[in-house]
Amino acid sequence: MAECVSKVELTVSCSNLLDKDVGSKSDPLCALLQKLGGDKWTELGRTEKLENTSSPSFSQRLRLDYRFETVQNLKFGIYDIDNSSSDLGDDDYLGGVELTLGQIVSSKTVTRPLQLKKDKPAGKGTITITAEEIKDNRAIVLELEAKNLDKKDTFGKSDPFLEFFKKADDGKWQLVHRTEVVKNNLNPTWKKFTVPLQTFCSCDLERPLKVDCSDHDSDGSHDLIGSFTTTVTELQKGAHGSLVQFDCIHPEKQKKKKSYKNSGVVSVKNCKLVAQYSFLDYVLGGCQINFTVGIDFTGSNGDPRSPNSLHFMSPDGLNQYLSALWSVGQVVQDYDTDKFFPAFGFGAKLPPDFQAAHHEFALNFNPTNPHCQGIQGIVEAYRMALPQIRLSGPTNFSPLINHVAGIATTGAQSNSASHYYVLLILTDGEITDFDQTRDAIVRASRLPLSIIIVGVGPADFKAMELLDGDDGVLRSTVGEAVARDIVQFVPFRKFKDAPVQALAQSVLAEVPNQLVSYYKMRGLEPPKTQTAPKS
């Protein structure tokens with residue numbers, strides 16, 4: 001019997017959260033985790049962080065597949081974020097709840113008390129989760145501006161932002177998007193933004209929408225400037241050259257003054273509906289994932305003959321490098337039809353002369369054809385090469401990244417979404433050419449390429465986390481920012497005793513979104529199958 005799968009998006013709001021910050025309220029976000037075998041929880045996504053609020057309504061939706069025949073155990077965790085690190089382990093836990101996706105979908109809306117631990121409530125805190133099936137792949141793209149907004153700040157103008165609400169089936173207004181804040185400006189233009197049509201109006205172009213324009217205050221007590229109601233159909237008129245503008249009305253001012261007209265005017269600069277393709281759309285359309293492996297053979301790994309070495313083979317013929325390769329490779333190889341993968345080593349001296357270290361050598365010692373057949377072929381090439389080479393250094397990533405980026409450049413020139421490249425680097429974390437590597441990553445961020453770094457061994461991996469860029473935008477040595485986030489770093493030790501699929505899930509979590517973000521940036525739709533250029 002075929003498995004029944006549909007896509008759902010979850011909306012999260014909370015009330016009465018614990019206040020962990022002295023003199024202010026918490027800065028909460030919600031993380032969604034799923035139990036994937038055993039007791040291991042794997043993060044699927046998280047909302048945006050909201051500042052200084054004990055009753056947050058998150059506009060960022062959490063999307064996942066709903067499998068009717070499977071019990072999908074979920075955990076929603078609320079955290080108070082006080083630093084720029086993406087690691088939630090150093091943030092205050094405000095409470096959470098465990099539910100199955102089936103419970104949420106069957107009820108549509110679920111409200112539960114937050115718990116700090118089992119049977120220990122998180123004060124009076126509650127969480128409300130609403131599920132909605134995704135039936136449409138379109139999105140709305142909007143750009144708005146305002147003129148002559150009311151001045152709300154005593155020593156300045158206003159710091160305006162917009163919040164969009166759709167009327168839910170129960171008649172209540174549900175937050176669907178929040179813009180950025182434009183500082184000290186009564187005539188702001190907000191950045192263009194894209195919201196899935198399902199989120200924005202439940203794919204109903206006539207569904208009532210409410211827009212609040214407010215003045216942002218750091219203490220969370222934002223002042224309403226004015227509101228208006230509209231529909232997507234009305235907003236769309238701006239795409240055809242018509243002037244679409246709305247009076248921002250403050251209800252209290254309207255009651256008090258007969259001569260009151262508005263508190264400013266909001267205009268539509270641009271509005272259009274676009275197709276929003278998923279990772280699955282591209283794969284089913286013929287996009288090939290071309291998988292390349294790079295393995296660290298530098299001296300910091302330790303002598304492979306010593307049991308303390310990260311390259312030491314245990315009696316079952318495995319080590320951390322091979323375990324990580326198996327876990328990730330078995331998932332990725334399913335998306336590459338020919339199953340021939342280029343595999344390279346770096347940081348070793350090669351026979352017969354063992355002179356200078358090589359920073360990009362074919363694992364099978366065949367530079368004209370570095371391809372191995374399947375993950376098993378890479379494993380065999382690794383086992384063959386290990387006794388023949390001498391671990392050396394330094395640890396340079398940039399030659400390998402530049403090599404694969406060169407191949408990805410060829411793929412990008414086809415102007416079709418046919419070929420995407422994934423480079424898996426297995427390393428003990430001691431990186432020597434950090435500046436050259438970040439320059440290479442910034443250049444590669446404009447190509448159809450993702451880089452996965454799996455850290456093997458006990459190192460602190462601070463350099464790897466910087467390359468990941470989750471804590472802030474990665475920049476080159478001359479200050480150029482990455483065009484998109486293409487690096488995912490995962491330390492293997494976190495998954496050493498976890499089920500194989502848990503590591504693969506975490507390592508590959510960002511690749512689908514990275515692939516979609518690249519083709520969206522290029523404006524490329526899912527293709528017909530073509531032949532991919534190889535390393």
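Let me begin by describing the structure that accompanies this report.

Cut-offs applied
- Residues numbered from 1 in each chain as written.
- Predicted model: local features only at pLDDT ≥ 70, side-chain atom pairs only at ≥ 80, totals over all residues.
- Heavy atoms only, no water.
- Helix = DSSP H or I, 4+ residues; strand = E, 2+ residues; numbered from the N terminus.
- Rg over C-alpha atoms; globule rule 2.2 N^0.38 Å.
- Buried < 20%, exposed > 50% of the residue type's maximum accessible area, 1.4 Å probe, protein only.
- Pairing = 2+ DSSP bridges.
- Axes fitted to C-alpha atoms, helices over the stretch in contact; angles between N-to-C directions.
- Contact = heavy atoms within 4.5 Å.
- Lys, Arg positive; Asp, Glu negative; His and termini not counted.
- Salt bridge = Lys/Arg side-chain N within 4 Å of Asp/Glu carboxyl O.
- Polar contact = N/O pair within 3.5 Å; in protein donor to acceptor, adjacent residues only side chain to side chain.
- Expected span 1.5 Å × (residues − 1).
- 1 Å grid on protein atoms, 1.4 Å probe; cavity = no way out; pocket = protein on both sides within 12 Å on 5 of 7 lines; lining within 4 Å.
- Points joined across faces, edges and corners; volume = space filled by probe spheres on them.

## Side note on the overall build of the protein
Along its length, the protein carries 12 helices and 25 strands. A globule of 535 residues ought to have a C-alpha radius of gyration of about 24 Å, and the protein, at 26 Å, matches this closely. With the C-alpha coordinates of the protein rotated into their principal frame, the extents come out at 95 × 55 × 55 Å. For the protein, buried positions account for 51% of its 535 residues.

## Quick look at the sheet that holds strand E11 (residues 173-178)
Spatially, E11-E10-E13-E14 is the arrangement adopted by the four strands of the open sheet, whose pairing is antiparallel. Every other strand in the sheet has two partners, leaving E11 and strand E14 (223-230) as the edge strands with one partner each. Mean inter-strand twist for the sheet, computed between neighbouring axes without regard to direction, equals 25 degrees.

## So, the pairing of strand E24 (residues 449-455)
Counting buried residues in E24 gives seven out of seven residues, a clear majority hidden from the surface. Side-chain alternation along E24 places Leu-449, Ile-451, Ile-453 and Gly-455 on one buried face and Ser-450, Ile-452 and Val-454 on a second face that is also buried. Pairing analysis gives seven bridges linking strand E23 (residues 419-427) to E24, with the strands arranged parallel. Across the sheet, Tyr-421 pairs through a bridge with Leu-449, a residue of E24. Inspection of the sheet shows E24 paired to strand E25 (residues 487-491) by five bridges, in the parallel sense. The residue of E25 that forms the bridge with Ile-453 is Phe-489.

## Some details on the side chain of Glu-143
Mapped onto the elements of the fold, Glu-143 is located in strand E9 (residues 138-147). Of the residues examined, Glu-143 reaches a relative accessible area of 18% and is grouped as buried. Ignoring sequence-local partners within four residues, the contact set of Glu-143 consists of Thr-189, Trp-190, Lys-192, Ser-267, Val-268, Lys-269 and Asn-270.

## A word on the side chain of Asp-215
Mapped onto the fold, Asp-215 is located in strand E13 (residues 209-215). Although Asp-215 is buried, it forms no salt bridge, and the closest oppositely charged side chain is Lys-152 at an N-O distance of 7.3 Å. Separated by 2.7 Å, the side chain of Asp-215 and the backbone nitrogen of Asp-159 make a polar contact. Each residue touching Asp-215, except ones within four places of it in the same chain, is listed here: Lys-152, Asp-153, Ser-158, Asp-159, Phe-161, His-222, Asp-223 and Ile-225.

## Describing helix H8 (residues 398-412)
When the terminal C-alpha atoms of H8 are compared, their 20 Å separation across 15 residues agrees well with the 21 Å that a helix rising 1.5 Å per residue should span. Those residues of H8 that fall on the buried side of the exposure criterion are Ser-398, Leu-400, Ile-401, Val-404, Ala-405, Ile-407, Ala-408, Gly-411 and Ala-412. Check the buried side of H8 and you find it contacts strand E17 (288-296), strand E18 (340-346), E23, helix H9 (434-444), E24 and helix H12 (511-522).

## Digging into helix H6 (residues 320-332)
Its 13 residues place the ends of H6 18 Å apart at the C-alpha level, agreeing with the 18 Å of an ideal helix rising 1.5 Å per residue. For H6, the N-terminal capping position is held by Asn-319, with its side-chain oxygen 3.0 Å away from the main-chain nitrogen of Tyr-321.

## Some details on the layout of surface pockets
If you add up the space inside the second largest pocket, you get close to 230 Å³. Along its surface, the second largest pocket is lined by 13 residues, and Ala-275, Gln-276, Tyr-277, Lys-520 and Gly-523 are the ones closest to its centre. Where the lining of the second largest pocket is concerned, the elements lending two or more residues are strand E16 (265-275) and H12. Top contributing element to the lining of the second largest pocket by residue count: H12, with three residues.

## Side note on the environment of Leu-29
Within the element layout of this structure, Leu-29 appears in strand E2 (residues 28-35). In this structure Leu-29 comes out as buried when scored by relative accessible area, which is 6%. For the pair formed by Leu-29 and Tyr-382, sequence separation is 353 residues and the distance between their alpha carbons is 43 Å. Ignoring sequence-local partners within four residues, the contact set of Leu-29 consists of Arg-46, Thr-47, Glu-48, Lys-49, Phe-58, Gly-77, Ile-78, Tyr-79, Ile-81 and Leu-88.

## Some words on the pattern of salt bridges
The full count for this structure, using the stated rule, is 14 salt bridges. The partner of Lys-7 in a salt bridge is Asp-65, with the nearest N and O atoms 2.8 Å apart. Residue Lys-7 is located in strand E1 (residues 5-15), and its partner Asp-65 is located in strand E4 (residues 62-67); the two are separated by 58 residues in the primary sequence. For Asp-65, a relative accessible area of 23% gives the class partly exposed. With a shortest N-O distance of 3.9 Å, Glu-143 and Lys-269 are connected by a salt bridge. Residue Glu-143 is found in strand E9, and its partner Lys-269 is found in strand E16; the two are separated by 126 residues along the sequence.

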